[in-house]
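Remarks on the overall topology
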Amino acid sequence: MLNEITSFCDISFRLCPKLKTPKLNNYIILEGRHNSWYSSCEASAIQCTHSVDKCCNKTPLLSANHRLSKQNPVGKVFNSADVCTFTETASKSPSHATEDKIGVLLLNLGGPDTLNDVQAFLYNLFADPDIIRLPRLFRFLQLPLAQLISVLRAPKSKESYASIGGGSPLRKITDEQADALKMALEAKDVPANVYVAMRYWHPFTEEAVHQIKRDKITKLVVLPLYPQYSISTTGSSIRILQSLDDMHLSGLPVAVIQSWYQREGYIKTIVDLIEKELRRFPVPEEAMIFFSAHGVPVSYIEKAGDPYKDQMEECISLIMQELRSRGTNNFHTLAYQSRVGPVEWLKPYTDKVLVELGQQGVKSLLAVPISFVSEHIETLEEIDMEYRELALNSGIENWGRVPALNCTSSFITDLADAVIEALPSAVSMSSTTSISSDDDNVFDYVIKMLFGSVLQS
Ligand SMILES: C=CC1=C(C)c2cc3[nH]c(cc4nc(cc5[nH]c(cc1n2)c(C)c5CCC(=O)O)C(CCC(=O)O)=C4C)c(C)c3C=C
Ligand SMILES: [Fe+2]
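Rules and cut-offs
- Residues numbered from 1 in each chain as written.
- Chains lettered and ligands numbered in written order.
- Predicted model: local features only at pLDDT ≥ 70, side-chain atom pairs only at ≥ 80, totals over all residues.
- Heavy atoms only, no water.
- UniProt positions renumbered as here; feature names shortened; annotations may be inferred.
- Pairing = 2+ DSSP bridges.
- Helix = DSSP H or I, 4+ residues; strand = E, 2+ residues; numbered from the N terminus.
- Axes fitted to C-alpha atoms, helices over the stretch in contact; angles between N-to-C directions.
- Near = heavy atom within 4 Å.
- Polar contact = N/O pair within 3.5 Å; in protein donor to acceptor, adjacent residues only side chain to side chain.
- Areas by Shrake-Rupley, 256 points an atom, 1.4 Å probe, with all protein chains shown as cover.
- Nonpolar A, V, L, I, M, F, W, Y, C, P; charged D, E, K, R; others polar.
- Phe/Tyr/Trp six-rings, centres within 6.5 Å; stacked < 30°, edge-to-face > 60°.
- Buried < 20%, exposed > 50% of the residue type's maximum accessible area, 1.4 Å probe, protein only.
- 1 Å grid on protein atoms, 1.4 Å probe; cavity = no way out; pocket = protein on both sides within 12 Å on 5 of 7 lines; lining within 4 Å.
- Points joined across faces, edges and corners; volume = space filled by probe spheres on them.
- Salt bridge = Lys/Arg side-chain N within 4 Å of Asp/Glu carboxyl O.

For the chain, the name recorded in an unreviewed UniProt entry is Ferrochelatase, with Lithospermum erythrorhizon as its organism. Quoted verbatim from the Subcellular location (unreviewed entry) field of the UniProt record, the comment on the chain reads "Plastid, Chloroplast". UniProt lists a comment for the chain under the heading Pathway (unreviewed entry), and it reads "Porphyrin-containing compound metabolism; protoheme biosynthesis; protoheme from protoporphyrin-IX: step 1/1."

Shown next, in the form of structure tokens:
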């Protein structure tokens, strides 16, 4: 099925950094290292004329959604399933042999297990240069800033975690997903060990890599539990993985599934869940389907070329197509939640849209969390408590929420298929490069970060 799979190697492709509104189908081929994808746009040495058919003088632009098989000068082939594979220029390993010891590494964000972990978890999160993207000159402020923001934000965060039972459910659910995926792979005759690497809390990436080495894994598929790619999620986790500079890991054939929001099994599972929840409404066809995605700052999209927004919109469109094909023709809308800090985030904002819909006379609303596959604080507290209350106070009378996918069997089976399809693409990892961010508006940015409302929202 449709995946965007890559392998660690010295050749990469990424969004044209100079396009004002980058589209998924506007890829240019750049020579550079894998882990700088989408993260360091100004590092591009290639001039772009912003034109779709002759984007760069050195390398051709891949257009038409790279649906058709095309070979570019650096030896990559894009096939009809959005899969990036390598030809002669990279040492591609054959499809998995029976003697291979296969590992699957699930990447996730992690969350505090108890209220005592909250501040340290927040520190790890804000210390990530893919979460607070400081201009290069001001990177020395990253850790003091993380300390300051985490201390000031901790009380509000603790309150939220307290309201959902005193900690994040992420570790437990991700472990259950790992077990279910292992069983699904076994059922498909592909025995594999499944590991979990969290970005900001235990088990950290280092712990997972240690286990992978201990178990003498010979082929690894990296599967981020984020359907849509963002610099702040999948990008950050992959950067850490590659920065480990581990001898064993660098020799290991690895395939990375960058994003998988367009997989049929995933889309159909969400549609099944939406249909089931719609049936609970007094008049199902009158309920507005309200997709609420986690937001990111607008600068990620407009300056750093993050494909997150495009992938999100394409994902919603695929879900709606599937619903329509089943005869469900409800109205729908997409909004972005969970903004943090003083900078502008993707719009429209979930809270504002809910109030507007209430004012416009919408009476029934089904919330669909779309950017994350497990229940977590933003579904259990933000949607189920804050947004529900806001919606009911704004005139919406019937409220419903689609559950997160968690261990839904058709979803896990689809993940197993994604892993199996990725196996033949595994190639050896190469070492690391640094990430960078935009250097303009330096003073503006730092002043906002220090004196803005980072701590309040
Ligand atoms: C696709 C999902 C997510 C994106 C994109 C994302 C970006 C992003 N998040 C923050 C700030 C915070 N995120 C926090 C927790 C958190 N975020 C996600 C998902 C995405 N984040 C998850 C799954 C979780 C963990 C939830 C849990 O159950 O523990 C938090 C901590 C919670 C809080 O205090 O609100 C913060 C802060 C930024 C700044 C950002 C993009 C730049
Ligand atoms: Fe987040």
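Once the structure has been displayed, the description carries forward.
So, the sheet that holds strand β14 (residues 364–369)
The strand order β13-β12-β14-β15 describes an open sheet built from four strands, whose pairing is parallel. With partners counted over all chains shown, the strands left at the sheet margins are β13 (332–337) and β15 (398–401), one partner each. Taken over all neighbouring pairs, the strand axes of this sheet differ in orientation by 25° on average, direction set aside. Bridge analysis of strand β12 (residues 288–294) against β13 gives six bridges, and the strand direction is parallel. Counterpart to His294 in the pairing with β13 is Gln337.

Some details on the site of ligand 1
Close to ligand 1 lie 28 residues, the nearest being Arg153, Ser157, Tyr161, Ser168 and Ile377. Taking Arg153, its side chain carries an N or O atom lying 2.9 Å from an oxygen atom of ligand 1. Between ligand 1 and Ser168, the relevant distance is 3.0 Å, taken from an oxygen atom to a side-chain nitrogen or oxygen of the residue. In the complex, 96% of the free accessible area of ligand 1, which totals 810 Å², lies under the protein chains. For the shell around ligand 1, the leading source of residues is helix α1 (residues 118–126), giving four residues. The class makeup of the residues in the shell around ligand 1 is 17 nonpolar, nine polar and two charged.

Some thoughts on the packing of aromatic side chains
On inspection of all chains with the given rule, the structure shows six aromatic pairs. Relative to Phe372, the ring of Tyr226 lies with its centre 5.7 Å away and its plane at 45°, an arrangement referred to as tilted. Pair noted here: Tyr226 is in the loop between β10 (219–224) and α5 (231–243) and Phe372 is in the loop between β14 and α11 (377–393), with a separation of 146 residues, a long-range link. Phe372 matches Tyr226 in its accessibility class, with the two residues each being buried.

Thoughts on the side chain of Ser232
As for its placement among the helices and strands, Ser232 is situated in helix α5. Overall, the relative accessible area of 10% leaves Ser232 in the buried class. A polar atom in the side chain of Ser232 sits 2.8 Å from the side chain of Ser230.

Notes on empty space enclosed by the protein
Within this structure, the stated rule accounts for five cavities of 30 Å³ or more. Computed from the structure, the largest cavity encloses a volume of approximately 100 Å³. The wall of the largest cavity is formed by Tyr266, Ile270, Leu273, Val368, Pro369, Ile370, Phe372, Val373, Val402, Pro403, Ala404 and Leu405. Elements with a minimum of two residues in the lining of the largest cavity: α7 (264–278) and β14. The biggest single contributor to the lining of the largest cavity is α7, with three residues. Residues that form the lining of the largest cavity fall into these classes: 12 nonpolar, no polar and no charged. Approximately 70 Å³ is the volume attributed to the second largest cavity. Ser292, Ala293, His294, Gln337, Pro369, Ile370, Ser371, Phe372, His376, Glu378, Thr379 and Ile383 are the residues that line the second largest cavity.

Points about the pattern of salt bridges
Overall, the coordinates contain 22 salt bridges when judged by the stated rule. The partner of Glu186 in a salt bridge is Lys182, and the shortest N-O contact between them spans 3.8 Å. Taken together, the residues Glu186 and Lys182, both in helix α3 (residues 170–187) and four residues apart, mark about one turn of the helix. The salt bridge partner of Arg214 is Asp215, with a shortest N-O separation of 3.1 Å. Overall, Arg214 belongs to the exposed group, its relative accessible area being 54%. Assessed through its relative accessible area of 16%, Asp215 is described here as buried.

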